[in-house]
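Fold and contact review
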Amino acid sequence: MLTKTPLNLDFEYANSTPLLLKDYSHLHLWLVGCGGTGSYVAESLARLAYVFKQVGKNVNITFVDPDIVEGKNLGRQRFCQSELGLNKATTLALRYNLTWGLEISAIPDYFDPKLVKSYWNDLVIIIGCVDNSAARRSLGQTLENNRHAEIPRIWYLDAGNNFDSGQILLGSHNSLEELTTHLDKFKKIGIMGALPSPVLQCPNLIELRPEELGNTHLSCAELANLNAQSLTINQTIASIVTDYLFRLSLTKDLRKFATFLNLKSGSMRSEFISCSSLIKFSCT
């Protein structure tokens, strides 16, 4: 007979604090990248929007992706044969608008930071499911709108993965100086309202990958192996992204800002919102 081993208390979680967000009247969700992970996140965003709609909350959702559905996408991504040749963002928006009675917008083009605007009573969450450094740099630029703001209105949630491992990173500030100001407040009142951007957390996110180098000597087969992904990693990453969004926007009890997982070993760990976790990002 199997006996249950009690889980050990995670003291880092016990000493953490929920992320403080100012009340908002309008939520804007941007999904950038509708491929491997993004195609699964899209469905979760539609479900989340439906729940918001049921309780009378105002939510706008926009899917962004310039790519079309190709044969190689079938099986791993959330598309079927009848959608071959169609734009990914447009296809997913149409599907979930019909399913849930929503009004999701689609931009069948590359993401432009100028598209994202924030107003005093708005909260903007950008979910990046992209696989290249240029796209991540573009997403990170949106956080410049948070400069000199007492409470950030734009948040960037980045999801990335390799074959069977990946990470989810949430942040609001690219500036170490401004992050230090928020951290000083955190030390005084024990509440955190800002986080280091995904790029500050993992600077290698914006480093050029082998396939992005124009002078790469790797063969097509070698490049394909570099980009290979298991059949389960995208759904797993998408599930954790959904939990972040659920806790950030609905239950408002999010206590973590970074999660790393490896499916092969079955391991997962998170960085929690606490002074000890965030002090390494301070410039003091």
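Residues numbered from 1 in each chain as written. Predicted model: local features only at pLDDT ≥ 70, side-chain atom pairs only at ≥ 80, totals over all residues. Heavy atoms only, no water.

This part is about empty space enclosed by the protein. For the coordinates displayed, the defined rule picks out one cavity of 30 Å³ or more. What the largest cavity holds in volume is close to 30 Å³. Every residue along the wall of the largest cavity is listed here: Leu143, Glu144, Arg147, His173, Asn174, Ser175 and Glu178. Among the residues forming the lining of the largest cavity, the class breakdown is one nonpolar, three polar and three charged. (1 Å grid on protein atoms, 1.4 Å probe; cavity = no way out; pocket = protein on both sides within 12 Å on 5 of 7 lines; lining within 4 Å. Points joined across faces, edges and corners; volume = space filled by probe spheres on them. Nonpolar A, V, L, I, M, F, W, Y, C, P; charged D, E, K, R; others polar.)

This brings us to the sheet that holds strand β7 (residues 256–262). On the basis of which strands lie adjacent, the open sheet formed by eight strands has the order β3-β2-β1-β4-β5-β6-β7-β8 and mixed pairing. The sheet is open, and its two edges are formed by β3 (105–107) and β8 (267–272), each paired on a single side. For this sheet, the mean angle separating the axes of adjacent strands, direction not counted, is 15°. Where strand β1 (residues 26–32) and strand β4 (residues 122–128) come together, seven bridges link them in parallel fashion. Note on β4: the bridge partner recorded for valine 32 is glycine 128. Contacts from helix α4 (residues 133–141) reach β1, β4, β5 (154–161) and β6 (165–171), with the element oriented near 160° to β5. (Pairing = 2+ DSSP bridges. Helix = DSSP H or I, 4+ residues; strand = E, 2+ residues; numbered from the N terminus. Axes fitted to C-alpha atoms, helices over the stretch in contact; angles between N-to-C directions. Contact = heavy atoms within 4.5 Å.)

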